[in-house]
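Given next are the chains, with one letter for each unit.
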Amino acid sequence: MNALYLNGRVFDGDHMIDDHAVLIEGARIARVAPAGDFEGFAGEIVDCTGCTVMPGLVDCHVHLMFRGEPDPWASLEKLDVAHAVVRALEHARDTLRGGVTSIRDCGGREYQEFAVRDACNEGRFQGPTILAAGKMICMTGGHGNRMGRVADGVDEVVKAVREQVHAGSDLVKIMATGGVMTPGVDPEDAHYSAEEIAAGIAEAKRFRRRTASHAQGAEGILNATRGGVTSIEHGIFMNDECCRAMLDRGTFLVPTLAALRNILDNEDAGIPDYVMEKAKRCAAAHERSIQMFYEAGGRIALGTDAGTPFNLHGSNAAELKFMVEVGLPNIDALRAGTRNGADLMGLEDRGRIAQGAAADLLVVDGDPTVEIDAAADLNRHRRVTRAGRVVVDRAPCRDTGSGQSEST
């Protein structure tokens, strides 16, 4: 089915474009051109007056197996495989309906999320494009050990990477430090040695897999960055040395502000005390690290850690607002949530509006370069498509009389 998106502004993943229309043919964007070029078009016309047409959002860090309970690990342990997979399918569906058309699952349980990935990627169930890491690789007693692949020493880490590749992982995730959600570990402690993590990253690269590293403390961030990791997840206690190393190597930062925000906003809702203590200790340093990395010119991609406490699948777009609140200009938050995320994931035809790209679109009420809530607030989402298929179609956009949004 062909459709022409007309009369709105267009954010192409990099810049805002006026007086252009977007033509969809089947699952792809056929053309982006001045609106006048489409005079006489006979197919479906989507009137986007007062709206912005933008790429579907890209979330580079979610956990489909978790539901956002106060203690997600404990809750998942009570579920059998069948119910856990069905629940994860619901999470994928909710994510897509929330305007997110591509995601990275950064660690699941016994590869159960692979069934969800395959069902969504093949179009058998409604969900975003999914890349999945499989089991997180962690040291004995390390962050994620309740569900991850425990490996100690260079040889065992290499073996663990090979297991993920053999199981069908799209990327490899290695835990470089302690974390907030695991009892008895300190987020600032480096868990793997530089040699161990470099060996794991090198083995993943040998099989053409990109890598992500949960890395919160400075030493662990440095170990993973110097080892050649594709992205640092969280980066909470980054220092100047970490920042320079990441810039030199082109390493992405995936901040996941939503994770700590949702923990701190729900202190009296049953979250374990050890989680609250660590979240409070991390919050200010996390914001400073993101500001430092952005101001230095680092590459940032949106990630939410959806599935962690009260961090719900489908509410991913709120991360755009959180990034703006810590200092990113609206346009750069939007780039982080579209083009940059697609680049990190290696999805060359996602995260952008251009001829030949996948017709993954988000139409929002207003101009998110002026007010970020236009994209961050689900109530402002008017239409979501994945591969040209309409997933969400709500009330029409506001007509401001000029084709541009009102500002606040």
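Refer to the structure printed above.
Here the structure is a predicted model, which is why all the values come from computation and not from measurement.

Analysis parameters
Residues numbered from 1 in each chain as written. Predicted model: local features only at pLDDT ≥ 70, side-chain atom pairs only at ≥ 80, totals over all residues. Heavy atoms only, no water. Pairing = 2+ DSSP bridges. Helix = DSSP H or I, 4+ residues; strand = E, 2+ residues; numbered from the N terminus. Axes fitted to C-alpha atoms, helices over the stretch in contact; angles between N-to-C directions. Disulfide = S-S within 2.5 Å. Buried < 20%, exposed > 50% of the residue type's maximum accessible area, 1.4 Å probe, protein only. Parallel < 35°, antiparallel > 145°, perpendicular 65-115°, else oblique. Left-handed = near helix turned anticlockwise from the far one by under 90°. Contact = heavy atoms within 4.5 Å. Nonpolar A, V, L, I, M, F, W, Y, C, P; charged D, E, K, R; others polar. Salt bridge = Lys/Arg side-chain N within 4 Å of Asp/Glu carboxyl O.

S.K.: Break down the sheet that holds strand β6 (residues 44-47) for me, with residues and values.
M.R.: Taken in spatial order, the four strands make up an open sheet running β5-β4-β1-β6, and their pairing is mixed. Every interior strand has two partners, whereas the edge strands, β5 (28-34) and β6, have only one. Each strand axis lies, on average, 20° off the axis of its neighbour in the sheet, ignoring direction. Of the pairings in the sheet, the one linking strand β4 (residues 20-25) to β5 comprises six bridges and is antiparallel in character. Bridging from a neighbouring strand, H20 pairs with P34 of β5.

S.K.: For the state of the cysteines, give the residues involved together with the corresponding values.
M.R.: Applying the stated criterion across every chain, the model contains zero disulfides. Left without a disulfide partner, C106 is nearest to the cysteine sulfur of C60, which lies 7.9 Å away.

S.K.: How would you explain the pairing of strand β18 (residues 361-365) if you had to name every residue and give the values?
M.R.: Burial analysis of β18 places five of its five residues in the buried class, the great majority of the element. Both faces of β18 are covered, namely the face carrying L361, V363 and D365 and the face carrying L362 and V364. Bridge analysis of β18 against strand β19 (residues 381-386) gives four bridges, and the strand direction is antiparallel. For V364, the partnering residue across the bridge sits in β19 and is H381.

S.K.: Before we move on, could you go through the sheet that holds strand β3 (residues 16-17) and cite the residues and values that matter?
M.R.: Hydrogen bonding along the main chain pairs the strands of a sheet, whether they run parallel or antiparallel. Within the open sheet, the six strands sit side by side as β3-β2-β7-β18-β19-β20. Their pairing is mixed. Among the strands making up the open sheet, the edge pair consists of β3 and β20 (389-393). Relative to β18, strand β7 (residues 51-55) runs antiparallel, the two sharing five bridges. Looking at β18, one finds that V53 is bridged to V363.

S.K.: Lay out unusual backbone geometry in plain terms, naming residues and giving numbers.
M.R.: Backbone geometry at D19 places phi at a positive 60°, although glycine is not the residue there. Not every positive phi belongs to a glycine, and D305 is a case in point at roughly 65°. With respect to the secondary-structure elements, D305 resides in the loop between β17 (299-300) and α10 (318-325).

S.K.: Hey, could you go over the packing of helix α8 (residues 257-264) against helix α9 (residues 273-295) for me, with residue numbers and the actual values?
M.R.: Where α8 contacts α9, the two axes come as close as 9 Å, and the packing angle between them is 140°. As judged from the angle between their axes, α8 and α9 are oblique. Read as a crossing pair, α8 and α9 show a hand that is left-handed. Taking contact as the criterion, the partners of L257, L260, R261, I263 and L264 in α8 are, on α9, V275, M276, A279, K280, C282, A283, H286, E287 and I290. Here the contact of α8 with α9 is composed, by residue class, of ten nonpolar, one polar and three charged.

S.K.: A description of the side chain of R87 should follow, citing residues and the corresponding values.
M.R.: Summarising the element assignment, R87 is placed in helix α2 (residues 81-97). Those residues within four positions of R87 in sequence are excluded, and the remaining contacts are M65, F66, R67, E69, L76 and L79.

S.K.: Tell me about the pattern of salt bridges, residues and numbers included.
M.R.: In the structure shown here, the tally under the stated rule is 34 salt bridges. R339 is the partner of D14 in a salt bridge, and the nearest nitrogen-oxygen pair spans 2.8 Å. With a gap of 325 residues between them, D14 in the loop between β2 (9-11) and β3 and R339 in helix α12 (residues 339-345) connect regions that are remote in the sequence. Residue classification places R339 among the partly exposed residues on the basis of a relative accessible area of 24%. Where R124 meets E122, a salt bridge forms, and the shortest distance between an N and an O atom there is 2.8 Å. For the pair formed by R124 and E122, the shared burial category is exposed. Linked through salt bridges whose partners overlap, the residues forming this network are D14, D332, R335 and R339.

Coordinates in, geometry out; function isn't part of it.
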